[in-house]
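Chains, contacts and geometry: an overview
Residues per chain, in single letters:
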Amino acid sequence: MVAKMTKQKPTSNDATKSSIWGGRFASGPSQLMQDINASISYDQRLYQQDIAGSKAHATMLAACGIITSADCDAIHKGLGQIAIEIEQGKFVFSDSLEDIHMNIESRLAELIGEPARRLHTARSRNDQVATDFKLWVRDAIDAIDHALADMQIALIDKATNHADMVMPGFTHLQTAQPVTFGFHLMAYVEMLGRDRGRFADARIRLNESPLGAAALAGTSFPTDRHMTAAALGFDRPAANAMDAVSDRDFALEFLAAAAICAVHLSRFAEELVIWSSDRFGFISLSDAFTTGSSIMPQKRNPDAAELVRAKPGRIIGALNGLLIVLKGLPLAYGKDMQEDKEGVFDAADSLGIAIAATTGMIRDLTAKPDAMLAALQQGFPTATDLADYMVRELGMPFREAHHASGAIVATAAAKGVDIEALSLAELQAVEPRIKPDIIGQLSVASAVAARTSFGGTAPDEVRARIADAKQRFGLE
C-alpha cells in the first residue's frame, strides 16, 4: 500500500498563521481553532503527490511565461530537497501551518526565498488538495489492483492443485451437492475479478486533473491545464472548475469498491473460520496465521481470518461517513471536505492488510481431503443426481423425479445410510422403473464428474476455467 507518514514533531504555536490567509486577518486563530482546523497529522501522507503537483505547476507556469525559468529551477530544486527531508524523517511538520500544502510551501520559502512565493500563482489550495487526493487515490487503486491480482494467483495455484478434491457444496450451510475444492476456490477468483474491475472503472473516472481550477472559477492567467494534466498522468483536465474543486466522487467510488471487496474477503474469511473449526476440519492453518489462548492450551484460533472478517465494518463506515459529509454541501468548497481523507486513508490501510493476510492464508492453508470426503457421507449430496437420472433415463418430468428422489432419501434416512448404499430393490420399491445401470452413478465422484456444463464443478471443466481466468484477468 501507499506509504503512511507517521512522524510528526510539535512546534510552537506562534501567530504567524495569519500570513497564510493574507492581510484580512490581524491576528492568529485561537488554539482551539488551530486544533480543529489542522489536518497535517494525517494529510502529510500526501507529500509525494503535493510535491509532484507543485513541480508540474511550476513547469507549466514557466512554459507559459508566468514565472521565469530561473524561478522554476529554484522551485524544483527546493521541492526535491523537501522530499529528501521528509523521507529521511528530518522535516518538521507544524500544526500552525494547517496542512501539507502550507508546510511544504513554508519550508520552500525558507530554502529558496522569493521564488517560492510565486509558486501559488494561478492555483488555490482547493484545486491543489483535490489534485493531491486524486493522485493518492489513483496510487492506492494501482497498489490494490496488484495485491488482488496476487491473491487471484494464489487462489488459482491452490485450485489447480485441488481441482479433483471433492468436498460438500453448501446452501444455507447445509450439504447441497458435491463439488471440488478447486471449484470452490475459483468462485473467489471471479469475485476478485469483479473487484478489480470496479477499481479500474473508478480509476478511469477519477483521471481528470483539477489542477488549475483555482478556488472555483478558474484563473485569469494564461495557463495550460492540459500540460499539467499530462505531466501528472491524467487523461485530461476537469472540464468545469467548480466541479473540479468540489468533486469527491472519486473518493466515494474508491470506498464503495473497497467496501464490496472487503465483503468478499470477509465471506472467504468466514469460510476459513468454519473450515478450520474442529467440527469441520476441512483445512488447517499454520502457526503463521493462528494464535493460542491465554487459558486453554489446546486452542488454535484463526485470528487472522477473524480480523479480516471484521475489516468491512471500518471500510463501510468510512463510505457512509463521507456520504454523510457530502450530502448537504452546496458548491463549491466547504471546510467540511477536510473530513474526506482520514476515512479513505484508513479504508485503504484496512483493505491492504486484509488482502495481504488473506493471500497469506490461502498460500498457507493445508486442505484435508479425508475430512471433506467424510462430510459427504452426510446430507445425501447426490439426491439431485438421482433425480436427474430419472429425468434423463426414465423420461420423468423433473418435479415427479424430484418427489421420487425425496422419497428415496427418506428411505435412506430411516436406515441411517446414504442413498448410494441402498440396494436396487430398495430403490425400485419407490420407483419401479429404475434400472440396474443406476448402480455406480450415485457416488460422489460420479456426481462431480458429471457436471461438465460451462462453469460446472467437473475437474476438467475447473481446469478449463482456470486457464480462461488466467487470460481474462491478465495473470499469465
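Residues numbered from 1 in each chain as written. Predicted model: local features only at pLDDT ≥ 70, side-chain atom pairs only at ≥ 80, totals over all residues. Heavy atoms only, no water.

**So, the pairing of strand 2 (residues 174-180)**
Put simply, the test is: Two strands qualify as a pair provided DSSP detects at least 2 bridges between them. The way it works is that DSSP assigns letters per residue, a run of H or I at least four long becomes a helix, a run of E at least two long becomes a strand, and they are numbered from the N terminus.
Judged from the six bridges that link them, strand 1 (residues 166-171) and strand 2 form a sheet pairing that is antiparallel. For F170, the partnering residue across the bridge sits in strand 2 and is T175. Between strand 1 and strand 2, which pair antiparallel in sequence order, lie two residues; one of them, H172, sits at a positive phi of approximately 55 degrees.

**Details of a nonpolar patch on the surface**
Test applied: For patch building, the residue pool is restricted to those with more than 30% relative accessible area and no salt bridge; the joining distance is 9 Å between like charges and 5 Å between nonpolar side chains (Val, Leu, Ile, Met, Phe, Trp, Tyr). Using a 1.4 Å probe, accessible areas were evaluated by the Shrake-Rupley method; residue-level cover was limited to the displayed protein chains. By definition, a salt bridge exists where a carboxyl oxygen of Asp or Glu is found within 4 Å of a side-chain nitrogen of Lys or Arg.
Judged by side-chain polarity, L216, M242 and L331 come together as a nonpolar surface patch covering roughly 260 Å² of accessible area. Take M242: it is sitting in helix 11 (residues 241-246).

**Quick look at the state of the cysteines**
Quick reminder of the rule: Two cysteine sulfurs form what is called a disulfide whenever their separation falls within 2.5 Å.
Counting across every chain of the model gives zero disulfides. Free of any disulfide, C64 has its nearest cysteine sulfur in C72, 11 Å distant.

**Regarding the nonpolar core**
Here is a general trend for soluble globular proteins: nonpolar side chains tend to be buried in one another's company. Formally: Definition used in this section: a nonpolar core is a set of buried Ala, Val, Leu, Ile, Met, Phe, Trp, Tyr and Cys residues joined via side-chain atoms within 4.5 Å. Classification of residues uses two cut-offs on accessible area relative to the type maximum, computed with a 1.4 Å probe and protein chains only: under 20% is buried, over 50% is exposed, and between them is partly exposed. Contact criterion: two residues are considered in contact whenever any of their non-hydrogen atoms come within 4.5 Å of each other.
Of all hydrophobic cores here, the largest spans 100 residues; its most connected members are F181, F199, F254 and L351. The element contributing the most residues to this core is helix 12 (residues 249-275), with 17 residues. Excluding residues that lie within four positions of it along the chain, F181 makes contacts with H162, M165, M167, W275, I283, L365, A367 and M372. Judged by nonpolar contacts, the second largest core, of 18 residues, contains L394, M396, A412 and I419.

**A closer look at the confidence of the model for the protein chain**
The following threshold applies: Known as pLDDT, the predictor's confidence for each residue is given on a scale from 0 to 100.
The share of residues in the protein chain with pLDDT of 70 or more is 94%, and the mean pLDDT across the chain is 92. Low confidence marks residues 1-18, where pLDDT is under 50. Its contacts with residues over four positions away, or in another chain, come to 45 contacts.

**Topic: the packing of helix 13 (residues 303-326) against helix 14 (residues 341-364)**
Which entries qualify depends on this criterion: Every axis in this analysis is a line fitted to C-alpha atoms, fitted for helices over the stretch in contact. Angles between the N-to-C directions lie between 0 and 180 degrees. Under this scheme an angle from 65 to 115 degrees is roughly perpendicular, one under 35 degrees roughly parallel, and one over 145 degrees roughly antiparallel; angles in between are oblique. Note on convention: the crossing is left-handed when the near helix lies turned anticlockwise from the far helix by less than a right angle, right-handed when the turn is clockwise. We call Asp, Glu, Lys and Arg charged. Ala, Val, Leu, Ile, Met, Phe, Trp, Tyr, Cys and Pro are nonpolar, and the rest, Gly among them, are polar.
Following both chains from N to C, one finds helix 13 and helix 14 inclined at 155 degrees, their axes separated by 9 Å at the closest point. With respect to helix 14, the axis of helix 13 lies roughly antiparallel. Crossing hand, helix 13 versus helix 14: left-handed. Mapping the contact onto sequence places A304, A305, V308, K311, R314, I315 and A318 in helix 13 and G343, D346, A347, S350, L351, I353, A354, A357, T358 and M361 in helix 14. Grouping the amino acids of the contact of helix 13 with helix 14 by side-chain chemistry returns eleven nonpolar, three polar and three charged.

**Quick word on the packing of helix 12 against helix 13**
At a minimum axis distance of 8 Å, the contact between helix 12 and helix 13 shows a crossing angle of 160 degrees. Overall, the two elements helix 12 and helix 13 adopt an arrangement that is roughly antiparallel. Relative to helix 13, helix 12 is oriented so that their crossing is left-handed.

**With respect to helix 4 (residues 47-63)**
As a reminder, the rule being used: In this scheme, a helix's expected span is set at 1.5 Å multiplied by one less than its residue total.
Taking 1.5 Å as the rise per residue, helix 4 with 17 residues should run 24 Å; its terminal C-alpha atoms sit 24 Å apart, in good agreement. Turning to helix 4, its buried residues number three or more, namely Y47, Q49, D50, I51, G53, S54, A56, H57, A58, M60, L61 and A62. Where helix 4 is buried, its residues touch helix 3 (40-43), helix 5 (69-87), helix 6 (100-112), helix 7 (114-118), helix 8 (125-161) and helix 10 (225-231). At the C-terminal side of helix 4, G65 shows a positive phi close to 75 degrees.

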